[in-house]
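Fold and geometry: a report
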Amino acid sequence: MDEELLEAYCTSAYRVRLASGGAVTIRIGEPLPTALRPLAGARDWGFFTAWNPRSRPRPRAVNRRAQRRLLADLHADAALEVHPALGMGTDGWREPSFWIVGIDAQKLERLGDRYGQNAWLSGHGSGVAQLRLR
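Presented here is an overview of the structure given in this document. The residue count restarts for each chain, going from 1 along the sequence in the order it is written. The model is predicted, so local features are restricted to residues of pLDDT at least 70 and side-chain atom pairs to those at 80 or more, both for listing and for counting; the totals for chains, interfaces and linings are taken over all residues. To obtain the side-chain values, all non-hydrogen atoms of the structure were included, while hydrogens and water were left out.

**A few points about the overall build of the protein**
The condition that has to hold: Runs of H or I in DSSP of at least four residues are treated as helices and runs of E of at least two as strands, each being numbered from the N terminus. Just to be clear, the radius of gyration here is over C-alpha atoms, and the globule rule we use is 2.2 Å times residues to the power 0.38. Residues are treated as being in contact if the distance between any of their heavy atoms lies within 4.5 Å. Per-residue and other accessible areas follow the Shrake-Rupley method at a 1.4 Å probe size, with only the shown protein chains counted as cover for residues.
A tally of helices and strands in the protein yields four helices and seven strands. The order of α-helices and β-strands along the protein, N terminus first, is α-β-β-α-β-α-β-β-α-β-β. The C-alpha radius of gyration of the protein comes to 14 Å, within 12% of the 14 Å expected for a compact globule of 134 residues. With the C-alpha coordinates of the protein rotated into their principal frame, the extents come out at 35 × 30 × 30 Å. Sequence separation of 24 or more characterises 57% of the internal contacts of the protein that already satisfy a separation of 6 or more. For the protein, the exposed surface amounts to about 7300 Å²; the carbon and sulfur share of it is 52%.

**Quick look at the packing of aromatic side chains**
Selection criterion: The rule is short: rings of Phe, Tyr and Trp, with Trp giving its six-membered ring, pair when the centres are within 6.5 Å, and they are stacked under 30 degrees, edge-to-face over 60, tilted in between. When accessible area is computed with a 1.4 Å probe and restricted to protein chains, residues below 20% of their type maximum are described as buried, those above 50% as exposed, and intermediate ones as partly exposed.
One pass over the structure, following the stated rule, counts four aromatic pairs. Between the aromatic rings of Phe48 and Trp120, the centroid separation amounts to 5.9 Å while the plane-to-plane angle is 50°, which identifies the pairing as tilted. Of this pair, Phe48 sits in strand S3 (residues 44-48) while Trp120 sits in strand S6 (residues 119-124); the two residues are 72 residues apart in sequence, bridging distant segments of the chain. The class for Phe48 is buried, based on a relative accessible area of 2%. Under the relative-accessibility criterion, Trp120 is labelled buried at 4%. Through successive ring pairs, a cluster of aromatic residues spans Phe48, Tyr115 and Trp120.

**Considerations on the pattern of salt bridges**
Just so we agree on the cut-off: Any Lys or Arg side-chain nitrogen found within 4 Å of a carboxyl oxygen on Asp or Glu counts as a salt bridge.
Inspection of the entire model under this criterion finds four salt bridges. In this structure, the salt-bridge partner of Arg43 is Glu81, at a minimum N-O distance of 3.0 Å. Here the residue Arg43 occupies a position in the loop between helix H2 (37-40) and S3, and Glu81 occupies one in strand S4 (residues 81-88), the gap between them amounting to 38 residues. Judged by relative accessible area, which is 31%, Arg43 ranks as partly exposed.

**Topic: the packing of helix H3 (residues 60-75) against helix H4 (residues 105-115)**
For the record, the criterion: For helices, the fitted axis covers only the stretch in contact; all axes are lines through C-alpha atoms, and the angles between them, taken along N-to-C directions, range from 0 to 180 degrees. Each angle gets one of four labels, with under 35 degrees taken as roughly parallel, over 145 as roughly antiparallel, 65 to 115 as roughly perpendicular, and the rest as oblique. Two helices crossing with the near one rotated counterclockwise from the far one by less than a right angle form a left-handed crossing, whereas a clockwise rotation gives a right-handed crossing. For this classification, the nonpolar set comprises Ala, Val, Leu, Ile, Met, Phe, Trp, Tyr, Cys and Pro, the charged set comprises Asp, Glu, Lys and Arg, and every other residue, Gly included, is treated as polar.
Their axes nearest at 12 Å, the elements H3 and H4 cross at an angle of 150°. In terms of orientation, H3 lies roughly antiparallel with respect to H4. As for the relative orientation of H3 and H4, their crossing is right-handed in sense. Residue-level inspection shows Ala66, Arg69, Leu70, Asp73 and Leu74 of H3 in contact with H4, the latter providing Leu111, Arg114 and Tyr115. For the contact of H3 with H4, a count of residues per class yields five nonpolar, no polar and three charged.

**Notes on the side chain of Asn52**
The line we're drawing: Counted as a polar contact is a pair of N or O atoms within 3.5 Å, where, for protein atoms, one must be capable of donating a hydrogen and the other of accepting one, and residues adjacent in sequence contribute only when both atoms are in side chains.
Within the element layout of this structure, Asn52 appears in the loop between S3 and H3. At 2.9 Å, the side chain of Asn52 and the side chain of Glu95 are in polar contact. Contact partners of Asn52, with chain neighbours within four places excluded, come to Pro57, Arg58, Asn63, Glu95 and Gln117.

What follows is the structure, encoded as structure tokens:
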């Protein structure tokens, strides 16, 4: 992965929509925002999208189909809690995403393989958000 792409991942805002309205932002290298801590509890979590595999732009319709498949895959596992989210870059880049509570590192890795993603976020409980690279 080139330095420019890595920098884009590291400076992006990873926003999670709150059921009560509004959103909070997860940032790489920072603890989970206070508003999300009761939802995460002491469980693993991840931030993931099916949009733009291998960081290559694809048509909106193709991305939306992939995202629907991802959501179906996530809902097939009753142990997971799935929350709508949005990845936002400083250059205007936006990707609909999901914040997934109860997903471990191995499941995220398998999703990364299945959906061709270069990177995603993971964390545990209120701990620090980490960027995971393929």
